[in-house]
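Structure at a glance
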Amino acid sequence: MSSILVAIMQDSSIFLLTGTESRDDLKKIKQHQLFKCPQCEEPVILKIGSVKIPHFAHKKHTTCVNLFAEGETMKHLQGKQQLYKFFMQKTKLKVSLEPYLKMIAQRPDLLLYDANTVQPIEFQCSVIPKEKMTARTGNYLNVGMRPLWILSTSEKIQQLPKGITHYSLTHFEEQFLIQATNSPFLFTYCPIQQQFHYLTNFLHVENRKYIVSHRNLSMEQQSYPFAIPKALTKHQLENYCQLFFAERKHFIRNEIRYNRQGVNHPFLRTCYELRIIPSDLPLWIGVPIAFNDGFSSHSVEWQLALIKYLLSLNKTLLQVTRKELSNFHHVTMKHSKQAKIAVQKYVQLLVDLDINLGKNMFFQPTEKNLQENILRYLQNEKKIEKI
């Protein structure tokens, strides 16, 4: 049976379960009132249990559930109720709960509107196919509505420490990233905690792993339009760099310790061909670069491969052309366009560091000088990561 929070009474008026009604009052209403679904007009039952929140349920199987982005769960119903009350308190816009949009045959969880604005709100608690989310978004856009998808906070995010930490972003979560001036961020809501969680300033490490800043806001602290994260401070950027270089050291150590490919290991093979011990790699190989997640590998791996490629050109860094840089290919490239931008930015950083290709190129700047240059680079970037 599908569950809803809105029903039509016998006098054709709409009854909303907003979470403010007492169970005793609802039991009295149920004794002398019949309800039906506002869409299919089939009878629905007002369920008033002691554990689950009150809700309406269809008496028999219905196709109404297909009008929502996902099937109803108690967490989803609870989240919709809380967000409904939040918008009622925080905005002057009118708020509708589970309205049916006949022109596209969809029912968003909430709809904010006035004479000039119409915005559907989708609170997503379960994993849905990307195609379904894209189709629903497209239907809204086709009638001039820009939807806001709010992802339910996962247990993994709830357990994250506050501040700067690691996080492995799933492909599903990536669909919910919001693009902002400073950096894309992940914005979620937890009905249990009644808090909004923010994961911001994504800095790619390897594969799906990032360094992020995690914070949360209570319902009372949150505003509408929703708060936009600020850029990192210099002190926070220093913490990012320290954590990134610690990860770099950990990556190199693991590549040596757990090598099962012998001389065929790409990273270790490149080190051997360049006559350098992996643990002695200068710190300017394996630095954080914007668009780094165009590669799935750690930056130390693709940047070392790029150095090998640049040496084969037998040119100075300033002589290398954009076309020659675009010809560089690495097996871990996953987004060609982003990867090529990362390559260009890395070469420019090497130029800024006065790195000269040649016999003594592995003589590195001091760690302090390198950190200062990396900090300046990150501060000059409007976004740390372009996911």
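Scroll up to find the structure.
Just so you know, these numbers come straight off a predicted model, no measurement behind them.

A few words on the overall build of the protein chain. Within the protein chain, the regular secondary structure consists of 11 helices and 14 strands. A sequence separation of at least 24 residues applies to 66% of the contacts in the protein chain between residues at least 6 apart. Accessible surface for the protein chain amounts to roughly 19500 Å². Of this, 51% is attributable to carbon and sulfur atoms. The distance from the centre of the 49 positive side-chain charges to the centre of the 32 negative ones in the protein chain is 1 Å.

For the rest of this paragraph, the subject is the sheet that holds strand β13 (residues 195-206). Strand order in the open sheet formed by 8 strands is β7-β8-β9-β10-β12-β13-β14-β11, with mixed pairing between adjacent strands. At either margin of the open sheet sits one strand with a lone partner, and together these are β7 (94-97) and β11 (163-168). In this sheet, neighbouring strand axes are inclined to one another by 35 degrees on average, regardless of whether the strands run parallel or antiparallel. Sheet topology places β13 next to strand β14 (residues 209-218); 9 bridges connect them, and they run antiparallel. Residue pairing for β14: Tyr198 is matched across the bridge by Arg215.

We now examine the side chain of Asp293. In this fold, Asp293 is placed in the loop between α7 (266-273) and α8 (299-313). For Asp293, which is buried and forms no salt bridge, the nearest opposite charge comes from Lys334, at a distance of 5.4 Å.

Below, the discussion takes up the packing of helix α6 (residues 234-257) against α8. Running from amino to carboxyl end, α6 crosses α8 at an angle of 75 degrees, the nearest separation of the two axes being 10 Å. Relative to α8, the element α6 is oriented roughly perpendicular. Here α6 contributes Phe244, Arg248, Phe251 and Ile252 to the contact with α8, which in turn contributes Ser299, Val300 and Glu301. Here the contact of α6 with α8 is composed, by residue class, of 4 nonpolar, 1 polar and 2 charged.

A few words on unusual backbone geometry. The amide bond that connects Tyr224 to the next residue, Pro225, takes the cis arrangement and shows omega of 0 degrees. As for its placement among the helices and strands, Pro225 is situated in the loop between β14 and α6. Not every positive phi belongs to a glycine, and Asn314 is a case in point at roughly 55 degrees. Within the fold, Asn314 resides in the loop between α8 and α9 (322-326). Overall, the relative accessible area of 71% leaves Asn314 in the exposed class.

Of note, Asn142 is situated in helix α3 (residues 130-142). Separated by 38 residues in the primary sequence, Asn142 and Ile104 have C-alpha atoms spaced 9.0 Å apart.

We now examine the layout of surface pockets. If you add up the space inside the largest pocket, you get close to 320 Å³. Along its surface, the largest pocket is lined by 14 residues, and Met133, Thr137, Pro147, Trp149 and Gln175 are the ones closest to its centre. Mapped by element, the contributors of at least two residues to the lining of the largest pocket are α3 and β10 (148-152). Here the lining of the largest pocket gets 5 residues from one element, more than from any other, and that element is α3. Of the residues belonging to the lining of the largest pocket, the class tally is 8 nonpolar, 4 polar and 2 charged. Within this model, the second largest pocket holds a volume of roughly 230 Å³.

Two measures define how a pair of helices packs: the angle their axes make with one another and the distance between the axes. Running from N to C, α8 and helix α10 (residues 336-352) cross one another at 70 degrees; their axes reach a closest spacing of 11 Å. Our classification of the angle between α8 and α10 gives roughly perpendicular. Taking contact as the criterion, the partners of Trp302, Gln303, Leu306, Ile307 and Leu310 in α8 are, on α10, Ala342, Val343, Tyr346, Val347 and Leu350. Of the residues assigned to the contact of α8 with α10, the class counts are 9 nonpolar, 1 polar and no charged.

Conventions and cut-offs
- Residues numbered from 1 in each chain as written.
- Predicted model: local features only at pLDDT ≥ 70, side-chain atom pairs only at ≥ 80, totals over all residues.
- Heavy atoms only, no water.
- Helix = DSSP H or I, 4+ residues; strand = E, 2+ residues; numbered from the N terminus.
- Contact = heavy atoms within 4.5 Å.
- Areas by Shrake-Rupley, 256 points an atom, 1.4 Å probe, with all protein chains shown as cover.
- Lys, Arg positive; Asp, Glu negative; His and termini not counted.
- Charge placed at Lys NZ, Arg CZ, Asp CG, Glu CD.
- Pairing = 2+ DSSP bridges.
- Axes fitted to C-alpha atoms, helices over the stretch in contact; angles between N-to-C directions.
- Buried < 20%, exposed > 50% of the residue type's maximum accessible area, 1.4 Å probe, protein only.
- Salt bridge = Lys/Arg side-chain N within 4 Å of Asp/Glu carboxyl O.
- Parallel < 35°, antiparallel > 145°, perpendicular 65-115°, else oblique.
- Nonpolar A, V, L, I, M, F, W, Y, C, P; charged D, E, K, R; others polar.
- 1 Å grid on protein atoms, 1.4 Å probe; cavity = no way out; pocket = protein on both sides within 12 Å on 5 of 7 lines; lining within 4 Å.
- Points joined across faces, edges and corners; volume = space filled by probe spheres on them.

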